[in-house]
Amino acid sequence: MSEAPAAAPPSLAEAQGWVGAELDDAGGSPVGRVTGVYADSDAGTPAWLVVAVGGGRARRFSLRRRSAHAVAVPVRECAAMPGRVWSAQGGEALRAAPPIDPARPLLREHELAICAHYGIGDAVGRHAEIAARAEGSVTACVAFVPL
């Protein structure tokens, strides 16, 4: 029996459409709210969702709350439904992810640390895409949602 082909990752426009949606973990529990999208600095394709985690119940997730912080979530491990985005990652992994500053681009080393946190191996996915880039280089930038 052959395996089904992997689903294509979302387009940048599709991922930007997820901004404002609640993010659920692998078990379906709310973890945060999508507040932005990081796109690959070379290709312009979506790489990470910016998610506000912490700060109480999911409908209250906002980076304006003192207890909330932003994390990057692998966009390839997400699927959308009306008003919600589901992540294949568990809630603990999402809440414990390295914090990011969504006002700044991601550097290669920061992305590699995020990949390691989520168990994205050296030869696959985002890790493989950026591993050969120059040390200290910008590898992902916030993609602004058009108004």
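Residues numbered from 1 in each chain as written. Predicted model: local features only at pLDDT ≥ 70, side-chain atom pairs only at ≥ 80, totals over all residues. Heavy atoms only, no water.

## Considerations on the environment of R76
So, point 1. Looking at the element boundaries, R76 is found in the loop between β4 (69-74) and β5 (78-81).
So, point 2. Residue classification places R76 among the partly exposed positions, given a relative accessible area of 45%.
So, point 3. R76 sits 68 residues away from A8 along the chain, and the two C-alpha atoms are 8.4 Å apart.
So, point 4. In contact with R76, not counting residues within four places along its chain, are P9, G125, R126 and E129. (Helix = DSSP H or I, 4+ residues; strand = E, 2+ residues; numbered from the N terminus. Buried < 20%, exposed > 50% of the residue type's maximum accessible area, 1.4 Å probe, protein only. Contact = heavy atoms within 4.5 Å.)

## Observations regarding the side chain of E22
So, point 1. With respect to the helices and strands, E22 occurs in strand β1 (residues 22-24).
So, point 2. Judged by its relative accessible area of 14%, E22 falls in the buried class.
So, point 3. Engagement of the side chain of E22 in a polar contact is seen with the side chain of R84, the distance being 3.2 Å. (Polar contact = N/O pair within 3.5 Å; in protein donor to acceptor, adjacent residues only side chain to side chain.)

## Considerations on the pairing of strand β3 (residues 46-53)
So, point 1. Counting buried positions along β3 yields eight of eight residues, so the element is predominantly enclosed.
So, point 2. As paired elements, strand β2 (residues 30-40) and β3 share seven bridges and run antiparallel to each other. Looking across to β3, one finds that G32 is bridged to V53.
So, point 3. What sits between β2 and β3 in their antiparallel hairpin is a turn of five residues, with G44 showing a positive phi close to 80°.
So, point 4. Where β3 lies against β4, six bridges are found, and the strand directions are antiparallel. Within β4, the position partnered with V51 by the bridge is V71. (Pairing = 2+ DSSP bridges.)

## Regarding the pattern of salt bridges
So, point 1. Following the criterion strictly, the structure yields 12 salt bridges and no others.
So, point 2. Between R133 and D42 there is a salt bridge; the shortest N-O distance is 3.6 Å. Taken as a pair, R133 in the loop between α4 (125-130) and β9 (138-143) and D42 in the loop between β2 and β3 lie far apart in primary sequence, 91 residues in all.
So, point 3. The exposure class assigned to D42 is exposed, which follows from its relative accessible area of 61%.
So, point 4. As a salt-bridge pair, D101 and R104 come within 3.8 Å of each other at their nearest N and O atoms.
So, point 5. Exposure remark for R104: the relative accessible area of 57% places this residue in the exposed category.
So, point 6. Connected through shared salt-bridge partners, D40, D42, R76, E111, R126, E129 and R133 make up one network. (Salt bridge = Lys/Arg side-chain N within 4 Å of Asp/Glu carboxyl O.)

## Things to note about the environment of W48
So, point 1. As for its placement among the helices and strands, W48 is situated in strand β3.
So, point 2. Accessibility expressed as a relative area gives 0% for W48, which makes it buried.
So, point 3. Along the chain, W48 and C141 lie 93 residues apart, while their C-alpha atoms are 9.7 Å from each other.
So, point 4. Among the polar contacts listed, one links the side chain of W48 to the side chain of E111, at a separation of 2.5 Å.

## Observations regarding the nonpolar core
So, point 1. Within the largest apolar cluster, 30 residues are counted, with the highest numbers of intra-cluster contacts made by W48, L49, V51, V73, V85, I100 and Y118.
So, point 2. Those elements that provide at least two residues to this core are β2, β3, β4 and α3 (108-118).
So, point 3. When residues of this core are assigned to their parent elements, the largest contribution, six residues, is made by β3. (Core = buried A, V, L, I, M, F, W, Y, C linked by side-chain atoms within 4.5 Å.)

Shape descriptors only; they carry no functional weight alone.
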